[in-house]
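# Architecture and fold: a report
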Amino acid sequence: MKFAKFAAIALAATILPFASAMAQTIKIGFITSYTGQNASVGVMMDKTVKLWMKEHEKDLPAGVKVEILTRDDTGPNPETAKRLATELVTRDKVDFLAGVIWTPNAAAIAPIAAEAKTPFVIMNAGTSAIIPSGGAPYTVRVSFTLWQSSLPLGQWAAKNNLKKVYSLVSDFGPGIDAETAFKKGFTDGGGNLVEAVRMPLATQDFAPFMQKAKDAKPDAVFVFIPAGVQATGVMKAYSDLGLAKEGIKLIGPGDITTDEELPNMGDVALGAITMFHYSAAATRPANQAFLKMWQRDYGANDWPAFEAAATWDGMMAIFDTIKAQGGKVNGEKSYSLLKGWKTDNSPRGPIMIDPENGDIIQNEYLRRVEKVNGVLGNVEIETFQTAVKDPWKLLNPKK
Ligand code: PHB
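Note that the coordinates shown come from a computational prediction; the quantities given were computed from them, not determined experimentally.

## Here we look at the side chain of Thr274
Among the secondary structure elements, Thr274 is positioned in strand 10 (residues 273–276). Judged by relative accessible area, Thr274 falls into the buried class, the value being 0%. Side-chain polar atoms of Thr274 contact the side chain of Arg367, separated by 2.8 Å. Ignoring sequence-local partners within four residues, the contact set of Thr274 consists of Gly252, Pro253, Gly254, Ile256, Thr257, Tyr365, Leu366, Arg367 and Asn378.

Shown next, in the form of structure tokens:
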């Protein structure tokens, strides 16, 4: 007995250092908002990372482990985001930075990623200029830009008999992008944007804004707000003030009918038209498989929205990058592999990271809120445009 124990210890002493030299732990610094404005979105992104790890940790090369270091940036707070990213790269020596709901935070993190040569995978923040036309070194985006959805929505609105539109957006990067892009698509097509109002980012009471929109008697109100509970606030104001009864339509990028909030919105959401890249109601097999796993783990009434799809795809991109390097990652190599990365297996359809600048290329779907088996969903009516590159970059080429 004694001898056996000794032998076991001796064996462990010779094998263990060898085993740990073989094993490689890859660290992902995952920053999102677990508290603060629209924190439910951060929780959804976190649930996605956990689901990905549960399903795919086994796909890593032998001896390779992935460790997720989660950090709470507490909402749109660039100073906090910057500090967290700095700590993650200098102290924790992460191999990847990922996550981030908010544009100001992503814009603060991108230069840190560049300096540390640590790839940064943006899983939400959607303002085009975070990634300029020539790229932001070491930053890629798997989510979306507001230009991708709002420009084609403006084109669609002009062609579909909406003559007068009133615009309401949150006053920060993605809101300004949404307004500018919609305006271009709509007015180039002959539409009349009667008013463009910018609302404070933290506003929860949309009634005063919606009342003014109603008074202008437009054919539609175009709205962008950051998705999460604020979307339900917008829908409540639209309902309480009776805009639908006046025949005023509600349109916007998919943030306003975000899938997980639809059950909280109720039937007033029916008929809302949005342009977007992901819907939980999409029937494509990759989405049905994703939804099935999600609802198996989180319940039949829990819906993954676009932030979940982007987090899922971002994890897929990072894992593919790790696998392509046989588990021994290097920042420069990882970034070059992320650029041009693509998959046909995303819940949103085929996607690719633009090799020229690191931004996302994806389809845009025209959707309408309808009931599917008694449940509200963003039903994809048509694939409006395929393989859409960020239009803002095409309009603002590298100087
Ligand atoms: C952003 O900050 O870029 C942002 C936040 C929430 C959204 C979309 C964009 O729904």
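## Comments concerning the packing of aromatic side chains
For any pair of aromatic rings, the description consists of the separation of the ring centres together with the inter-plane angle of the planes. According to the stated counting rule, one finds 13 aromatic pairs in the structure shown. For the pair Phe172 and Phe224, a centre-to-centre distance of 6.4 Å together with 35° between the ring planes defines the contact as tilted. Residue Phe172 is located in the loop between strand 6 (164–170) and helix 6 (173–188), and its partner Phe224 is located in strand 8 (residues 220–224); the two are separated by 52 residues in the primary sequence. A relative accessible area of 10% places Phe172 in the buried class. Using a relative accessible area of 2% as the deciding quantity, one classes Phe224 as buried. By the ring-pair criterion, three or more aromatic residues cluster together here, those being Trp52, Phe290, Trp294, Tyr298, Trp312 and Phe319. One cation-aromatic arrangement involves Lys47 over Tyr298; the distance from NZ or CZ to the ring centre is 4.8 Å.

## Focus: the site of the ligand
Thr103, Gly126, Phe172, Ala227 and Asp255 are the nearest of the 14 residues found near the ligand. A distance of 3.5 Å separates an oxygen atom of the ligand from a polar atom in the backbone of Ile101. Contact with the protein chains hides 99% of the accessible area of the ligand, taken as 280 Å² for the molecule alone. Counting atoms within 2 Å of the grid points, the majority share of the ligand lands in the largest cavity. Partitioned by chemical class, the residues of the shell around the ligand number 10 nonpolar, three polar and one charged. When residues of the shell around the ligand are sorted by domain, at least three fall in each of domain 1 (23–144 + 284–358) and domain 2 (147–276 + 364–395).

So, how was this worked out
- Residues numbered from 1 in each chain as written.
- Predicted model: local features only at pLDDT ≥ 70, side-chain atom pairs only at ≥ 80, totals over all residues.
- Heavy atoms only, no water.
- Helix = DSSP H or I, 4+ residues; strand = E, 2+ residues; numbered from the N terminus.
- Buried < 20%, exposed > 50% of the residue type's maximum accessible area, 1.4 Å probe, protein only.
- Polar contact = N/O pair within 3.5 Å; in protein donor to acceptor, adjacent residues only side chain to side chain.
- Contact = heavy atoms within 4.5 Å.
- Phe/Tyr/Trp six-rings, centres within 6.5 Å; stacked < 30°, edge-to-face > 60°.
- Lys NZ or Arg CZ within 6 Å of the ring centre and 35° of its normal.
- Near = heavy atom within 4 Å.
- Areas by Shrake-Rupley, 256 points an atom, 1.4 Å probe, with all protein chains shown as cover.
- 1 Å grid on protein atoms, 1.4 Å probe; cavity = no way out; pocket = protein on both sides within 12 Å on 5 of 7 lines; lining within 4 Å.
- Sits in = over half its atoms within 2 Å of the grid points.
- Nonpolar A, V, L, I, M, F, W, Y, C, P; charged D, E, K, R; others polar.
- Domains from an automatic or database assignment.

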